[in-house]
Amino acid sequence: MRLKRKLIFYALILSGAMAGATQVIIKPQLRDLQSEVQLSSIVTPAKSEVVKLGWNSIITSIAVKPGQKVKAGDLIATSDVREANEEKSYLETRRAALIRDERRIREEFEMAKKKQVTMNELAAKDVIPRVEAEKYQLTILEGRKSVIQAQASVKSIESEIANIEERIRAANYYAPMAGIISALIVDPKQFSGTLLANPDSLLAKIDEPFRFMAVAEVMDTQVKKIEKIKKAEVQLEGSQEIYQGTVTKISPAADPKTGLFKVVVEFKKEGAPIPAGITARIVFKEGITKKALALPWNAVQVEGNKAWVISGSGEKKPVKLGIRTRDRVEIKEGIRQGEEVEASLW
């Protein structure tokens, strides 16, 4: 009888391989189950910096390429500073003229002060009228005012030159952090020598290597579990490799629109960079429940808060579910150990 059932079982699998789902008979088994919370999320670098174009948006050279490793301070690109240099040259000529004027005015003022001393001495000896010496005091006041104005003019133009020099220094763009170039304004292979772009547009994006994060949204019932577990397994789309992650942040309040909390999981991955936009499965595992009566998910049907199985005789039997794992679920009520139920195979 057992051999006959096995033959029927394999025949059903073979016959259903091309006909869609096939129903087979299985029995729940006692297993050690580990409760899991499974989430899905887009993976991004844990830290990135963006280099944006400044006032001068005429790029004359690009010194890096996508995927290249850079250190903080490495040159990213240079830009055209001819206009700024011309402006600086003009201001330096003006500064030289103002410095000459300021020196002349200051020398004249010093001579006027000496003359005032002499006139005061002559007035004291009644050689000249005292009122004449007092009138000359107005000349001294005007001279002091002229010196202050001339010095202010020199200081102002020196400030303008300093600003121009800062703009020229800022015309070259440097990496703000160590990392990998993940985006550029243009492919260096297609760069023809000059590129005109809008100020404040992205020039380059640098990602911190080997450290990534996944941000997932969870319900309030899952937050408490995740807070206790802290650790997570991260599996990238299309890969069998598992990375160990750590919860680094949980939003203190739910999003008012969705009612969900954001959970940030960070993990390390060396080697080839992760493609942009790739998704990952995040699994938080709780403690193990010993000897739980379990069925594979393909034997259980769930709709909302209701769950049921189909018995070997075709009867629909409501069940109460317990611990849920990736491929199995605990049956707490509804069927007994050894009782036959249907399962779907594809």
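Refer to the preceding data block for the structure.
Residues numbered from 1 in each chain as written. Predicted model: local features only at pLDDT ≥ 70, side-chain atom pairs only at ≥ 80, totals over all residues. Heavy atoms only, no water.

Trainee: I'd love a proper account of the side chain of S41, names of residues and values included.
Mentor: Its place among the elements puts S41 in strand β2 (residues 29–45). Among residues more than four places away in sequence, those in contact with S41 are A214, V215, A216, I278, T279, A280 and I282. (Helix = DSSP H or I, 4+ residues; strand = E, 2+ residues; numbered from the N terminus. Contact = heavy atoms within 4.5 Å.)

Trainee: Requested: an account of helix α4 (residues 220–229), with residues and values cited.
Mentor: Along α4, the residues classified as buried are Q222, V223, I226 and I229. Projection of α4 onto a plane perpendicular to its axis shows the buried side chains occupying an angular sector of 130 degrees, all on one side. Facing away from the buried side of α4 by over 90 degrees, the exposed positions are T221, K224 and K228. Positive backbone phi, approximately 70 degrees, marks K230, located one or two places after α4. (Buried < 20%, exposed > 50% of the residue type's maximum accessible area, 1.4 Å probe, protein only. Arc of directions from axis to C-beta.)

Trainee: Describe the sheet that holds strand β10 (residues 202–207), naming the residues involved and giving the relevant values.
Mentor: The strand order β3-β10-β8-β5 describes an open sheet built from four strands, whose pairing is antiparallel. Each of the sheet's edge strands pairs with one partner strand only, and the pair in question is β3 (48–52) and β5 (69–70). For strand β8 (residues 179–184) and β10, the ladder comprises four bridges, and the chain directions are antiparallel. Bridging across to β10, I181 finds its partner in I206. (Pairing = 2+ DSSP bridges.)

Trainee: Describe the packing of aromatic side chains, naming the residues involved and giving the relevant values.
Mentor: Within a pair of aromatic rings, the relevant descriptors are the distance that separates the centres and the angle that separates the planes. What the rule picks out here adds up to two aromatic pairs. These aromatic residues form a ring-pair network of at least three members: F212, Y243 and F267. Sitting over the ring of W308, K316 keeps its end group 4.2 Å from the ring centre. (Phe/Tyr/Trp six-rings, centres within 6.5 Å; stacked < 30°, edge-to-face > 60°. Lys NZ or Arg CZ within 6 Å of the ring centre and 35° of its normal.)

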